[in-house]
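Spelled out from the first residue to the last, the chains are:
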Amino acid sequence: ELKVEQNPLFLSMQEGKNYTIYCNYSTTSDRLYWYRQDPGKSLESLFVLLSNGAVKQEGRLMASLDTKARLSTLHITAAVHDLSATYFCAVDRSGGGADGLTFGKGTHLIIQP
Amino acid sequence: ETGVTQTPRHLVMGMTNKKSLKCEQHLGHNAMYWYKQSAKKPLELMFVYNFKEQTENNSVPSRFSPECPNSSHLFLHLHTLQPEDSALYLCASSQRLAGVTYNEQFFGPGTRLTVL
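Residues numbered from 1 in each chain as written. Chains lettered and ligands numbered in written order. Predicted model: local features only at pLDDT ≥ 70, side-chain atom pairs only at ≥ 80, totals over all residues. Heavy atoms only, no water.

Visitor: How should a nonpolar patch on the surface be read in this particular structure?
Guide: A contiguous nonpolar surface patch, about 270 Å² in accessible area, is contributed by Leu9, Phe10 and Ile110 of chain A. Inspection of the secondary structure assignment puts Ile110 of chain A in strand β11 (residues 107–112). (Patch = residues over 30% accessible without salt bridge, like charges linked within 9 Å, V, L, I, M, F, W, Y side chains within 5 Å. Areas by Shrake-Rupley, 256 points an atom, 1.4 Å probe, with all protein chains shown as cover. Salt bridge = Lys/Arg side-chain N within 4 Å of Asp/Glu carboxyl O. Helix = DSSP H or I, 4+ residues; strand = E, 2+ residues; numbered from the N terminus.)

Next comes the structure, spelled out in structure tokens:
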């Protein structure tokens, strides 16, 4: 059974600080996804990582993938309040695409002014 | 309408009621999904439809019945639900392309379901 574990599950940090969210998964996969969810809203796709060593950046967020370690990280640089949300990582359940995703429990991030 | 839409956004029903959730995607995708999001649990995949054909039923109780009449519409029919079925039900869609194995999914806003 594919398992996806995120840590921390809850993170409170101050504006201007840096932090990293970790996502470990239990099966070989070279496709990993990061999503953001605001309270009462749906999931918004942030990053799609498709190969070992992939790195993507958007603003203050940077995601990376190490398929050998089965680890992805989401790094937040100089956090701002607008980044407060719940962040999920997800992995394809099986190869071939167009299958369901297995999600981590999410990291609830609060950034305080 | 753009993206993935879901109706209703909120639904309260008794355990003996029958209701349906509707999802419509305006992205031209050919795969659609139902997920359940409960408090304190990860998102759980319920059903997968590729080209209108159900390709996965993730051990979902029969009181949940999906229907996909075409590649743009997806329904979830509900009957004799239990209070523990109260959750946010999310619909998603993606584009299955030949030779492409990644699966970026786009989510609707969800239906908040409360079963009394």
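Visitor: Help me out: how do you make sense of the interface of chain B and chain A in this one?
Guide: Accessible area lost when the parts come together is the quantity often used to give the size of an interface. Contacts between chain B and chain A engage 25 residues on the former and 22 residues on the latter. In this assembly, chain B packs against chain A so that about 1,800 Å² is buried in total across both faces, 54% of it on carbon and sulfur atoms. Across the contact surface, chain B and chain A share five residue pairs in polar contact (both at pLDDT 80 or more). Elements with a contribution of two residues or more to the side of chain B that touches chain A: β4 (31–37), β5 (44–50) and β9 (87–94) of chain B. Looking at the side of chain B that touches chain A element by element, the count peaks at four residues for β4 of chain B. For the side of chain B that touches chain A, the per-class residue count stands at 13 nonpolar, eight polar and four charged. (Contact = heavy atoms within 4.5 Å. Buried area = accessible area lost by both parts, 1.4 Å probe. Polar contact = N/O pair within 3.5 Å; in protein donor to acceptor, adjacent residues only side chain to side chain. Nonpolar A, V, L, I, M, F, W, Y, C, P; charged D, E, K, R; others polar.)

Visitor: Explain the sheet that holds strand β8 (residues 73–79) of chain B here, please?
Guide: Across a sheet, paired strands are connected by hydrogen bonds in the backbone, their directions being either parallel or antiparallel. Residues and elements named next belong to chain B. Reading across the sheet, the four strands line up as β1-β3-β8-β7 and stay open at both edges, with antiparallel pairing between neighbours. Both edges of this open sheet fall to β1 (4–7) and β7 (64–70), since each of them pairs with a single strand only. Neighbour-to-neighbour, the strand axes of the sheet open up by a mean angle of 20°, direction not taken into account. Across seven bridges, strand β3 (residues 18–25) lies against β8 in antiparallel orientation. For Ser20, the partnering residue across the bridge sits in β8 and is His77. (Pairing = 2+ DSSP bridges. Axes fitted to C-alpha atoms, helices over the stretch in contact; angles between N-to-C directions.)

Visitor: Would you mind showing me how to read the pattern of salt bridges here?
Guide: For side chains of opposite charge, pairing can occur when their charged atoms come near one another. Applying the stated criterion across every chain yields a total of three salt bridges over all chains. Salt-bridge contacts for Asp38 of chain A lead to Arg36 of chain A; the nearest nitrogen and oxygen are separated by 2.9 Å. Given the relative accessible area of 24%, Asp38 of chain A is considered partly exposed. Of the charged contacts in the structure, one is a salt bridge between Asp85 of chain B and Arg63 of chain B, with a shortest N-O distance of 2.7 Å. Here Asp85 of chain B, found in the loop between β8 and β9, pairs with Arg63 of chain B, found in the loop between β6 (53–57) and β7; they are 22 residues apart in sequence, far enough to count as distant. You'll find Asp85 of chain B and Arg63 of chain B in the same group, each marked buried. (Buried < 20%, exposed > 50% of the residue type's maximum accessible area, 1.4 Å probe, protein only.)

Visitor: Is there a simple way to think about the side chain of Arg31 of chain A in this case?
Guide: Checked against the element boundaries, Arg31 of chain A lands in the loop between β3 (19–25) and β4 (32–37). At 2.4 Å, the side chain of Arg31 of chain A forms a polar contact with the side chain of Asp92 of chain A.

These results come straight from atomic positions and should not be treated as a statement about function.
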